[in-house]
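Chain by chain, the residues:
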Amino acid sequence: MNDTFRLSNGQKIPAVGFGTYKAADGEDAAVLSAAVDCGYRHFDTASFYGTERALGRALAECGLPRGEFFLTSKVWKTEMGYDNALRAFDASLARLGTDYLDLYLIHWPRPDLERSDWAALDLDTWRALEDLYEAGRVKAIGVSNFLPSHLEPLLASASVAPMVDQIEFHPGYTQQATLDYCAAHGIQVEAWSPIGRARLLSDPLLTEMAGRYGVSVAQICLRFALQKGVLPLPKSANPDRMAQNLDLFSFSLAEEDMAALDAMPRAGWSGEHPDRERVRP
Ligand SMILES: NC(=O)C1=CN([C@@H]2O[C@H](COP(=O)(O)OP(=O)(O)OC[C@H]3O[C@@H](n4cnc5c(N)ncnc54)[C@H](OP(=O)(O)O)[C@@H]3O)[C@@H](O)[C@H]2O)C=CC1
Ligand SMILES: O=C(O)C(=O)[C@@H](O)[C@H](O)C(=O)CO
C-alpha cells in the first residue's frame, strides 16, 4: 500500500493527515510542531478550528519549505456564498502565512436548515472554490459532510467536480452509501474522527483484533480506513500516539477481519449529521 493517494486531478496527497481540531490553543504551536517533528506533512485545519495561526507558526518555525506540506482548510457555515467564501479563503491564507492551499473544502452542506435556498448557497460557494482553483490559488477543491443527496445537485452544475469528500468514518460508522457514490464519481473520501474521538478505544472486537495483530486499537481503526481506500485524519496531542498513528504500513488486516469491522454495529458515532441538528448518539 502506498503512503500517498492520488486525487482525480492528479494531485498527490499523503495517505495519513494530522487532524488539528482542538490540537492547539490560540497561537500555541507546540502540538503542531511535535506533529511536524514526528513526520506529519499533511495537516487538516479549518477557519472554525482556530488552529490556522498556530499551524502557520509551526510550519514557519520548522524551517522546511512550504512545498513539503499538504495543507487543507475549510469554509465554515457562516462564510458561505460566493463573496464570503473568497474573503474566508484570503483570511485562512493570512492566518496560515501561505499564498496557496493544497485543498479547500466546504465544511458542511446546507448550513442554514431554515433557508429554502440552501442548495443554491452550496452552489454559490462552490463557484468561489472553482474560481480559486482555476486561478491556481488552491491545488484541489472538495466538500465535507456531503451525502449523495448533496453531491448530486453539486455535480449536476459544477464545472469542476469535487476531488474530496471528508466525512465521519470509523469502524461502527462507515457511511457505505457515500463511499460507493464517491468511488463511482472519482471523489477521494477522507475520514474525520477515524478513531471515533477515542470512543472506540475499549471496544471488545477492536481490542481483540489489536491484541492479535500486536498493534493498538487506534492503528486497527486507521489501517481499516486505508484498506477501504479512505484517507484518515487522526488527531493526537501526544507524540507517542502521533507516531503510532503514522505507523500503519507494516501490517495489513486480513479479509475476514475487514469484513468483521465492516459489519460492526453502530459505535463511536459523534451524533452529528448534515441533515439534522446535532442528535445524541
Ligand atoms: N469535517 C468535519 O466536519 C470534521 C473534521 N474533523 C477532522 O478530523 C480530525 C480528527 O477527528 P477527531 O474528532 O479529533 O477524532 P479522532 O478520531 O482523531 O480521535 C481523537 C482522540 O483520540 C485520541 N487518540 C489519538 N490517537 C490515539 C492513539 N494512538 N491511542 C489512543 N488514543 C488516541 C486523542 O487523544 P490524545 O490527543 O490525548 O492522544 C483524542 O482524544 C479533526 O482534528 C479534524 O481535523 C473532525 C470532526 C469533524
Ligand atoms: O470539527 C469539525 O470539523 C466540525 O465540523 C464540528 O462540527 C465539530 O465536529 C464539533 O464537534 C462541533 O461541536
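Residues numbered from 1 in each chain as written. Chains lettered and ligands numbered in written order. Predicted model: local features only at pLDDT ≥ 70, side-chain atom pairs only at ≥ 80, totals over all residues. Heavy atoms only, no water.

## A closer look at the overall build of the protein chain
- If you tally the helices and strands in the protein chain, you get 10 helices and 10 strands.
- In terms of overall dimensions, the protein chain is globule-like: its C-alpha atoms have a radius of gyration of 18 Å, near the 19 Å expected for 281 residues.
- For the protein chain, the residues scored as buried account for 53% of the 281 residues in total.
- Long-range pairs, those at least 24 residues apart, make up 72% of the contacts in the protein chain between residues at least 6 apart in sequence.
- As displayed, the protein chain offers around 11,800 Å² of accessible surface, 48% of which is attributable to carbon and sulfur atoms.
- Positive and negative side-chain charges of the protein chain, numbering 27 and 38 respectively, have mean locations separated by a distance of 3 Å. (Helix = DSSP H or I, 4+ residues; strand = E, 2+ residues; numbered from the N terminus. Rg over C-alpha atoms; globule rule 2.2 N^0.38 Å. Buried < 20%, exposed > 50% of the residue type's maximum accessible area, 1.4 Å probe, protein only. Contact = heavy atoms within 4.5 Å. Areas by Shrake-Rupley, 256 points an atom, 1.4 Å probe, with all protein chains shown as cover. Lys, Arg positive; Asp, Glu negative; His and termini not counted. Charge placed at Lys NZ, Arg CZ, Asp CG, Glu CD.)

## As for the site of ligand 2
- Taken together, Y21, F48, Y49, W76, H107, W108, R197 and E272 are the residues near ligand 2.
- Side-chain polar atom of E272 to an oxygen atom of ligand 2: 2.5 Å apart, as the coordinates give it.
- For ligand 2, the accessible surface in isolation is 330 Å², of which the surrounding protein chains cover 77%.
- Residue composition of the shell around ligand 2, grouped by class: five nonpolar, one polar and two charged. (Near = heavy atom within 4 Å. Polar contact = N/O pair within 3.5 Å; in protein donor to acceptor, adjacent residues only side chain to side chain. Nonpolar A, V, L, I, M, F, W, Y, C, P; charged D, E, K, R; others polar.)

## Looking at the packing of helix α5 (residues 148–157) against helix α6 (residues 176–184)
- For the pair α5 and α6, interaxial distance at closest approach is 10 Å and the crossing angle is 25°. Taken together, the axes of α5 and α6 lie roughly parallel to each other. Together, P148, L151, E152 and L155 of α5 and A177, T178, Y181 and C182 of α6 make up the contact between the two elements.
- Taken together, the residues of the contact of α5 with α6 break down into six nonpolar, one polar and one charged. (Axes fitted to C-alpha atoms, helices over the stretch in contact; angles between N-to-C directions. Parallel < 35°, antiparallel > 145°, perpendicular 65-115°, else oblique.)

## Overview of the site of ligand 1
- Taken together, 28 residues lie near ligand 1, and D44, S193, S236, R241 and Q244 sit nearest.
- Here an oxygen atom of ligand 1 sits 2.8 Å away from a polar atom, N or O, in the main chain of I195.
- One of the side-chain nitrogen or oxygen atoms of S236 is found 2.6 Å away from an oxygen atom of ligand 1.
- Protein chains shield 88% of the accessible area of ligand 1, which is 910 Å² for the free molecule.
- In terms of residues, the shell around ligand 1 owes the most to one element, helix α9 (residues 239–246), which gives three residues.

## A short note on the nonpolar core
- By size, the foremost hydrophobic cluster in this structure holds 81 residues, and its most contacted members are L32, F43 and Y104.
- By residue number, the principal contributor to this core is helix α8 (residues 217–227), which donates eight residues.
- Every residue in contact with F43, bar those within four places of it in the chain, is listed here: F18, T20, L32, A35, V36, L55, L59, F69, F70, L71 and T72. (Core = buried A, V, L, I, M, F, W, Y, C linked by side-chain atoms within 4.5 Å.)

## As for helix α7 (residues 204–213)
- Of all the residues in α7, the buried ones are L206, M209 and A210. Buried residues of α7 fall within an arc of 100° about the axis and therefore sit on the same side. Residues of α7 that are exposed and point more than 90 degrees away from the buried face comprise P204 and G211.
- Measuring from the backbone nitrogen of L205 back to the side-chain oxygen at the start of α7 gives 3.0 Å, which picks out D203 as the cap.
- Remark: G214 follows α7 within two positions and exhibits a positive phi of approximately 70°. (Arc of directions from axis to C-beta.)

## Details of the UniProt feature "active site" (unreviewed entry) in the protein chain
- The residues that UniProt annotates with the feature "active site" (unreviewed entry) are Y49.
- With respect to the helices and strands, Y49 occurs in the loop between β4 (42–44) and α2 (52–62).
- With a relative accessible area of 16%, Y49 lands in the buried category.
- If near-sequence neighbours (up to four positions away) are discounted, Y49 is found in contact with T20, Y21, D44, K74 and H107. (UniProt positions renumbered as here; feature names shortened; annotations may be inferred.)

## What to know about the UniProt feature "site: Lowers pKa of active site Tyr" (unreviewed entry) in the protein chain
- In the numbering used here, UniProt assigns the "site: Lowers pKa of active site Tyr" (unreviewed entry) feature to K74.
- Secondary-structure assignment places K74 in strand β5 (residues 70–75).
- Since its relative accessible area comes to 0%, K74 is described here as buried.
- Contact partners of K74, with chain neighbours within four places excluded, come to D44, T45, A46, S47, Y49, E79, Y104, L105, H107 and Q166.

## Here we look at the packing of aromatic side chains
- Tallying each qualifying case throughout the model produces 12 aromatic pairs.
- Ring geometry for F43 and F69: centres 6.3 Å apart, planes at 50°, overall tilted. Remark: F69 occurs in the loop between α2 and β5 and F43 occurs in strand β4; sequence separation between them is 26 residues.
- On the numbers, 6.2 Å between centres and 65° between planes, the contact of F48 with Y49 is edge-to-face.
- Using a relative accessible area of 39% as the deciding quantity, one classes F48 as partly exposed.
- Chaining the aromatic ring pairs together yields one cluster made of F18, Y40, F43 and F69. (Phe/Tyr/Trp six-rings, centres within 6.5 Å; stacked < 30°, edge-to-face > 60°.)

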